[in-house]
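What follows is the residue order along each chain.
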Amino acid sequence: MEKIEKIWLTDDAVWIRTIDGKEACEKFNDYPRLRYATKEQRENYESDDYGIHWNDIDEDLSFDGFFEKRETTLLYKVFMAHPELNVSAIARRLGISQSLMAQYISGKKKASDVRVAMILDTVREIGQELIAV
């Protein structure tokens, strides 16, 4: 585990620096709760030896995750191409936690092919409901 020397926020990311000088960031867009949080909510975080926690929006990022390389997932591409999709609402429809859904989208956790199909089917259902309006 890396020892963290500094944490700072930019307009689009949270950055960390280890005591040996390595820097890494996580983009707010990869985490819906952080993406839609106000500046004040983003700035109101706590940290410990393991990561960062935002009480106001119930979001956690582990320091180890900052240094893991992740591939861009199909879900990431879909949700980034369509920011009007409400990730939390889709997760609720599916009966999964918003946090797990965010991890699927960011690639931190790999969704099974069946789970990806369920998520995409739900997005399509929402599209059909909107067409019917």
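Note that the structure is a prediction, hence the values are computed from the model and not measured.

Conventions and cut-offs
- Residues numbered from 1 in each chain as written.
- Predicted model: local features only at pLDDT ≥ 70, side-chain atom pairs only at ≥ 80, totals over all residues.
- Heavy atoms only, no water.
- Pairing = 2+ DSSP bridges.
- Helix = DSSP H or I, 4+ residues; strand = E, 2+ residues; numbered from the N terminus.
- Axes fitted to C-alpha atoms, helices over the stretch in contact; angles between N-to-C directions.
- Buried < 20%, exposed > 50% of the residue type's maximum accessible area, 1.4 Å probe, protein only.
- Arc of directions from axis to C-beta.
- Contact = heavy atoms within 4.5 Å.
- Core = buried A, V, L, I, M, F, W, Y, C linked by side-chain atoms within 4.5 Å.
- Salt bridge = Lys/Arg side-chain N within 4 Å of Asp/Glu carboxyl O.
- Polar contact = N/O pair within 3.5 Å; in protein donor to acceptor, adjacent residues only side chain to side chain.

Engineer: When you look at the sheet that holds strand E1 (residues 4-9) in this model, what are you seeing that I'm missing?
Structural biologist: Backbone-to-backbone hydrogen bonds join strands into a sheet, with any given pair of strands oriented parallel or antiparallel. Read across the sheet, 3 strands follow the order E1-E2-E3 without closing on themselves; strand pairing throughout is antiparallel. With partners counted over all chains shown, the strands left at the sheet margins are E1 and strand E3 (23-27), one partner each. Shown here is a sheet whose adjacent strand axes are inclined to one another by a mean of 20°, direction ignored. Examined bridge by bridge, E1 and strand E2 (residues 13-18) share 5 bridges and lie antiparallel to one another. In the sheet register, Trp 8 faces E2, and the bridge partner there is Trp 15.

Engineer: Just to check I follow, could you spell out helix H4 (residues 74-81) for this structure?
Structural biologist: Think of an α-helix as turning once every 3.6 residues; residues three or four places apart then point the same way. Among all positions in H4, only Leu 75, Val 78 and Phe 79 are buried. The arc that holds every buried residue of H4, seen down its axis, measures 90°, which confines them to one face. In H4, the exposed residues that point more than 90 degrees away from the buried face are Lys 77 and Ala 81. The inward-facing, buried residues of H4 contact helix H5 (87-94), helix H6 (98-106) and helix H7 (113-132).

Engineer: It is not clear to me how the nonpolar core should be interpreted in this structure. Could you clarify?
Structural biologist: Nonpolar side chains tend to gather and get buried jointly when the protein is soluble and globular. Within the largest apolar cluster, 18 residues are counted, with the highest numbers of intra-cluster contacts made by Leu 75, Phe 79, Ile 90, Met 101 and Ile 119. A per-element tally of this core places H7 first, with 5 residues. Ile 7, Val 14, Phe 28 and Phe 63 belong to the second largest nonpolar core, which has 14 residues in total.

Engineer: Help me understand the pattern of salt bridges, please; the structure alone is not making it clear to me.
Structural biologist: When the charged atoms of two side chains with opposite charge come close together, those side chains can pair. All chains considered together, the criterion is met by 8 salt bridges. A salt bridge links Arg 17 to Glu 5; the nearest nitrogen and oxygen atoms lie 3.7 Å apart. In this pair, Arg 17 sits in strand E2 while Glu 5 sits in strand E1, placing the two residues 12 residues apart along the sequence. For Arg 17, a relative accessible area of 23% translates into the label partly exposed. A salt bridge links Arg 17 to Glu 23, with the nearest nitrogen and oxygen atoms 2.8 Å apart. Look at the salt bridges and you will find they share partners, linking Glu 5, Arg 17 and Glu 23 into a network.

Engineer: Help me understand the pairing of E3 in this model?
Structural biologist: Looking along a regular strand, one sees side chains alternate from face to face of the sheet. Along E3, the buried face is formed by Ala 24 and Glu 26; none of Glu 23, Cys 25 and Lys 27, which line the opposite face, is buried. With antiparallel pairing between neighbouring strands as the criterion, E2 and E3 make up a hairpin whose turn holds 4 residues, including Gly 21 at a positive phi of roughly 90°.

Engineer: Mind showing me how you'd approach the sheet that holds strand E4 (residues 46-47) here?
Structural biologist: Pairing is antiparallel in the open sheet, where 3 strands are placed in the order E4-E5-E6. Looking along the sheet, the strands with just one partner apiece sit at the ends: E4 and strand E6 (59-62). As paired elements, E4 and strand E5 (residues 51-54) share 2 bridges and run antiparallel to each other. Looking at the pairing, Ser 47 lines up with Ile 52 of E5.

Engineer: What am I meant to see in unusual backbone geometry here?
Structural biologist: It is generally the case that most residues other than glycine have a negative phi and that most peptide bonds are trans. The phi dihedral of Asp 58 falls on the positive side, at around 55°, and the residue is not glycine. Here Asp 58 shows up in the loop between E5 and E6.

Engineer: Teacher, can you tell me more about the environment of Glu 23 here?
Structural biologist: Inspection of the secondary structure puts Glu 23 in strand E3. Overall, Glu 23 belongs to the partly exposed group, its relative accessible area being 41%. Separated by 43 residues in sequence, Glu 23 and Phe 66 have C-alpha atoms that sit 8.9 Å apart. Excluding residues within four positions of it along the chain, Glu 23 makes contact with Trp 8, Trp 15, Ile 16, Arg 17 and Phe 67. A polar contact is formed between the side chain of Glu 23 and the side chain of Arg 17, at a distance of 2.8 Å.

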